Each structure stands twice: as C-alpha cells, then as structure tokens.
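# Summary of structural features
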Amino acid sequence: MSIKPNTISISAEDIQSNFNEVNPGLTKKEAIEEAHRCLYCYDAPCIKACPTGINIPSFIKKIASGNMKGSARVIMEANPVGASCARVCPTEELCEGACVLNNASKPIMIGDLQRYATDWAMKNQELLFKAGEPNGKSVAIVGGGPAGLSAARELARLGYKVTIFEAKDKAGGLDTYGIVSFRLPQEISLWEVEQVEKLGVEIRTNCQVGKDISVNEIMDQYDVVVLAIGMGNVPMLGIEGEDLDGVYDAIQFVEDTKTKPLTDRFVGSRVAVIGAGNTAIDAATCSVRLGAENVTILYRRTAKEMTAYQFEYEFAKQDGVEFRWLTQPVRIIGDEQGKVKQLECIRMELGEPDASGRRRPIPIEGSEFVMEVDTVIKAIGQTRYVDLIEAFGLEHDNGVVKINEETLQTSNPKVFAAGDVIFGDNQGEAMVVSAAEQGKQAAYGIHHYLFGRKNESSLAG
C-alpha cells in the first residue's frame, strides 16, 4: 500500500477492512483433498516437532473421514489454545518443516488443516471437554494468557477448583491483545477462553495481583499457585525525545488496533519501527494497514541476527515494509508543537559476539544521519514483572523465574510457573505453543506434587 499525503483519503471502513484476516482458510473440498495427501506416518516426525505433541496424523485422518468433532478434540486435547496456534505457530519450522513429504513434493498444510478443524468446532459451538470430579484442592493462576489458560484447562479436568486472576478486562493474554487481528482475530482466542470457563474455571478479570488482591491473600487462600504473568511493555530506548507526541510502545500499539476504534491518524504518514522481532513486524504491518505512506524497520544488527520468524519477515516485505540494517536511533527530534518530526540515527558495524551469541553492534563514528518521520514505534523487547516475582519470594535471574525443568516448580514449592515468565537464558521458547505446553506440564507437576501422580491418566473427557 502506498498513499500520497493529502491526495488519497481512506475511510474508517477501508481501514477496518485492512484488518480482516489475511488467510481465508481452506474450503471443505480443499481440506478433504489435503487430508488425503497425508501418509499417516506411524512414527510421525510432525508429532515430535510439535511442542504440545498433537497427534497430527490422527486429527488429519479424522478430517478425511468426516469426523470433525473428533479431529478438533485431538488437537485441543494436546493444545488448549490450538485454534490460535493454527494461525500463529511457525509451522514451517515445526510440524510442516518435519513432514516427510518435504523430500518428495510439498509438506502437508498442517496449520491450515488444524485451523479447519478448530474453526468447525467454533462454528458449531462444540464443548470438547468436561470437568473432572472435584478433588478438594484449589489453584490460583496469575495471568490468563496461553500458559495460564492451558494450566487451568488441565487442572479443571483433573478436578481442581481453579481461579484465574487476569489484570485486563478479557483473558487470553498475547492471543487476545498482542497478535494483530489480520493474523489472529480476538474471537478465536476468546472461544478458547470460553472453553476453559465452561469447565467451571472462574476468571476474575480487571484484577491485578499486588493491587486488587495481595500476594499474601492468594497464598493463604489457595493450595497451589501458577505464575503465568508473561512480560510487560517495551522498555525505554534511553534516548532524547521519547516523550514526544508520536512515540508509541509496540505492545500497546498492537493492542489498541484490537481494542479501540481505528482512525485515519496514520494515513499518509512516515513510520519508523525500532527493533526486528515479531512484535516489530506486527507494528510495521499494522502501520501499513492504517494507511502509512512509508514504514521502515530499523535494526542495529543484520537480517541474520533478527529474532522475527522468516515467514513474518517475508510477510512484511510483501506489505512494502522497508528494512534498514545496521542502523541505531540516537535521538528523536520534535517540532514546535512537541510532535515527532525527525529521527537521528547512526550506522553500525558488527564486532565480536555478546552474551546472547550475536555479534555486538558498534557505532561508526561520523556516520550520523537524519530521517523524516511522523511516528516512532519502539519494539526492542519487553520488561519483566520483577516486583511481582519477588513479592512471591521466588528465585529469578533478571526476571526469569528459576524452575525445576521437569515439574515447573519454583523455589517456593507451592508456586509453579509457565510461559514467558520462565523464558530466557536458554530456558523455554517464546512461542504461544510452548507456553501452552508449559501450562499443561505445570498442571501435571501440581498433580504430582499434591497427589503423587505423574501423568494425566485421570483426566476427564
């Protein structure tokens, strides 16, 4: 999309349509034909490549035979946020990347088939599971994102009385608020929330632990706690001009596009996004859909070091997003009204690897230059809820909670943790599907801790 300032106007309806889901999904005919391509491997590498261990040949065979509820159940049994993951998982790197047909033709469209089955369940308002017989134990889950929902779903099936404490007005976390609508509409995540609620899980929204309810109250009132608080907003850049009108936090920016009326403020504008992770890509592609004339991602390293998925990178390029590598912003310049006008940058070169293993960017003296911009969006990672972690008295490393990797139990035996709060320092993976698996494992860890049972054999249907 390229829009000349003051020459083309975009209506609110046009902008809204830009946020419609990009992938229309498979038709029934396409889904059945694709399902019949599957070899239904006995020792399927696609299952091993899925962090939640979905029995992929099984759910695909059920599509082929017309057993849609059975297919959806197989998916959601393994992955309580399987409908969202069908849209946002990096399938090229996971299940589809492991498909044996990669060597012969092209891999099975596993993600699209997973979406087809879960979409069917949503449209038919299917309740796929039921709560287990009450076992007399209660669990508080702090955070209602993918990890918290997954833990809650499994715990409810094991007979626990579960309460989720969610700071926002809707549960779903990243899936509800942090992934762009044209990839993951809110109604998908909210259906997964509903599946959990219908098992008798209480979700207290607009309830911030440490403010609306104390940590001590939670610890006193519940037998066990699951900490699934994710991460916070984007940290400060630490440069002049961050307080100017037109500087945005990428996390909040994406959330606003999912929760507030879309406006024409960005039409014809020039946007600079700082960072090159998946959130930066989301901010850039959102800006394009809001009508920006020019959108540029600035990254102080090269494409080789960026953390965004390859398919996200390709998607952004198709949207016309420009990438400037080895570029570091050093100052945001405003006009007389306090609005963003320019962005001063310096060119970088790569030196020796730093603690992350990536080569350290070094400024090139005298290479400063100025870009004309109207908006700056910060997407350089996320902060940690260190104060809350410490309020629970947990051992951590710069906000990464330390756990027993087998049980996900923290330094406090009564507290388990899952999701982004344990991601970092080679611990866990920052993916929705990984958070879902960690939520399940936390539930099983709790069951073992309280009842000595190591597996999920007692799960309700």
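Nothing here was measured: the structure is a model prediction, and the numbers come from that model. (Residues numbered from 1 in each chain as written. Predicted model: local features only at pLDDT ≥ 70, side-chain atom pairs only at ≥ 80, totals over all residues. Heavy atoms only, no water.)

Our focus in this paragraph is the overall build of the protein. For the protein, the count of helices and strands is 17 helices and 16 strands. Against the compact-globule benchmark of 23 Å for 461 residues, the protein has a radius of gyration of 23 Å, which places it among compact chains. When the backbone C-alpha atoms are referred to their principal axes, the protein occupies close to 65 × 55 × 45 Å. Pairs at least 24 residues apart make up 70% of the contacts formed inside the protein by residues separated by at least 6 positions. Surface accessibility of the protein: about 20600 Å² in total, with carbon and sulfur atoms responsible for 46%. Across the protein, the mean location of the 48 positive side-chain charges is 5 Å away from that of the 64 negative side-chain charges. (Helix = DSSP H or I, 4+ residues; strand = E, 2+ residues; numbered from the N terminus. Rg over C-alpha atoms; globule rule 2.2 N^0.38 Å. Contact = heavy atoms within 4.5 Å. Areas by Shrake-Rupley, 256 points an atom, 1.4 Å probe, with all protein chains shown as cover. Lys, Arg positive; Asp, Glu negative; His and termini not counted. Charge placed at Lys NZ, Arg CZ, Asp CG, Glu CD.)

A separate point is helix α15 (residues 310–318). An α-helix turns once every 3.6 residues. As a result, residues three or four positions apart point the same way. Every buried residue of α15 is listed here: F311, E312, Y313, F315 and A316. On the buried face of α15, the contacting elements are α6 (82–88), α14 (278–289) and β8 (322–324). Immediately downstream of α15, the backbone of G320 shows phi near 90°, a positive value. (Buried < 20%, exposed > 50% of the residue type's maximum accessible area, 1.4 Å probe, protein only.)

Quick look at the packing of aromatic side chains now. Applying the stated rule across the entire model yields 13 aromatic pairs. Here the aromatic rings of Y299 and W325 are separated by 6.3 Å at their centres, their planes lie at 80°, and the arrangement is edge-to-face. Note that Y299 is positioned in the loop between β7 (294–298) and α15 and W325 in the loop between β8 and β9 (327–334), a separation of 26 residues in sequence. Its relative accessible area of 8% is what places Y299 among the buried residues. Under the relative-accessibility criterion, W325 is labelled partly exposed at 25%. Here the aromatic rings of F323 and W325 are separated by 5.2 Å at their centres, their planes lie at 20°, and the arrangement is stacked. Three or more aromatic residues joined by ring pairs make a cluster, and in this case those are Y299, Y313, F323 and W325. (Phe/Tyr/Trp six-rings, centres within 6.5 Å; stacked < 30°, edge-to-face > 60°.)

Moving on to the nonpolar core. In terms of nonpolar packing, the biggest core is built from 100 residues, with F59, L227 and F392 touching the most fellow members. Each residue touching F59, except ones within four places of it in the same chain, is listed here: I54, S71, V74, I75, I110, L113 and Q114. Core analysis: the next-biggest nonpolar cluster, separate from the first, contains 35 residues, I15, A250, A276 and V288 among them. (Core = buried A, V, L, I, M, F, W, Y, C linked by side-chain atoms within 4.5 Å.)

Strand order in this open sheet of 5 strands is β3-β2-β1-β4-β16, and the pairing throughout is parallel. Every other strand in the sheet has two partners, leaving β3 (202–204) and β16 (415–417) as the edge strands with one partner each. Within this sheet the neighbouring strands show an average axis-to-axis angle of 20°, counted without direction. Note that strand β1 (residues 138–142) and strand β4 (residues 224–227) share 4 bridges and pair parallel. By the bridge assignment for β4, A140 is matched with V225. (Pairing = 2+ DSSP bridges. Axes fitted to C-alpha atoms, helices over the stretch in contact; angles between N-to-C directions.)

This part takes up the pairing of strand β12 (residues 369–372). Alternating residues of β12 divide into F369 and M371, all buried, and V370 and E372, none buried. One ladder, built from 4 bridges, connects strand β10 (residues 340–353) with β12; its direction is antiparallel. Note that in β12 the partner of Q342 across the bridge is E372.

Here we take up the sheet that holds β7. Spatial ordering of the open sheet is given by β5-β13-β6-β7-β8, a layout of 5 strands whose pairing is parallel. Strands with a single pairing partner mark the edges of an open sheet, and in this sheet they are β5 (247–249) and β8. Direction aside, neighbouring strands of the sheet carry axes that sit 25° apart on average. Here strand β6 (residues 270–274) pairs with β7 via 5 bridges, running parallel. From the neighbouring strand, V273 faces β7, where its bridge partner is I297. Relative to the sheet, α14 contacts β6, β7, β8 and β13 (375–378), its axis offset from that of β7 by approximately 170°.

Let us look at the confidence of the model for the protein. For the protein, per-residue confidence averages 94 on the pLDDT scale, and 95% of positions sit at 70 or higher. The model gives residues 1–8 a pLDDT under 50, and that stretch makes 18 contacts with residues more than four places away or in other chains. (pLDDT = per-residue confidence, 0-100.)

Attention now moves to the packing of helix α4 (residues 56–65) against helix α8 (residues 110–123). Running from N to C, α4 and α8 point in directions that differ by 60°, and their axes come no closer than 10 Å. Classed by the angle they form, the pair α4 and α8 counts as oblique. Between α4 and α8 lies a crossing of left-handed hand. Between α4 and α8, the contacting residues are I56, F59, I60 and I63 on the first element and I110, L113, Q114, Y116 and A117 on the second. Looking at the contact of α4 with α8 residue by residue, the classes come out as 8 nonpolar, 1 polar and no charged. (Parallel < 35°, antiparallel > 145°, perpendicular 65-115°, else oblique. Left-handed = near helix turned anticlockwise from the far one by under 90°. Nonpolar A, V, L, I, M, F, W, Y, C, P; charged D, E, K, R; others polar.)

Pairs may arise between side chains of opposite charge once their charged atoms sit close together. Scanning the entire structure with this criterion turns up 26 salt bridges. E126 is the salt-bridge partner of K69, the closest N and O atoms lying 3.3 Å from each other. A residue pair is termed long-range when its members are at least 10 positions apart, and K69 in helix α5 (residues 68–78) and E126 in the loop between α8 and β1 qualify at 57 residues. Classification of K69 as partly exposed rests on a relative accessible area of 38%. For E126, a relative accessible area of 19% puts it in the buried group. We note a salt bridge from R265 to D245, for which the minimum N-O separation is 3.0 Å. Here the residue R265 occupies a position in the loop between α13 (250–259) and β6, and D245 occupies one in the loop between β4 and β5, the gap between them amounting to 20 residues. Given the relative accessible area of 35%, D245 is considered partly exposed. Put simply, R73, E77, R153, E154 and R157 are held in one network by salt bridges that share partners. (Salt bridge = Lys/Arg side-chain N within 4 Å of Asp/Glu carboxyl O.)

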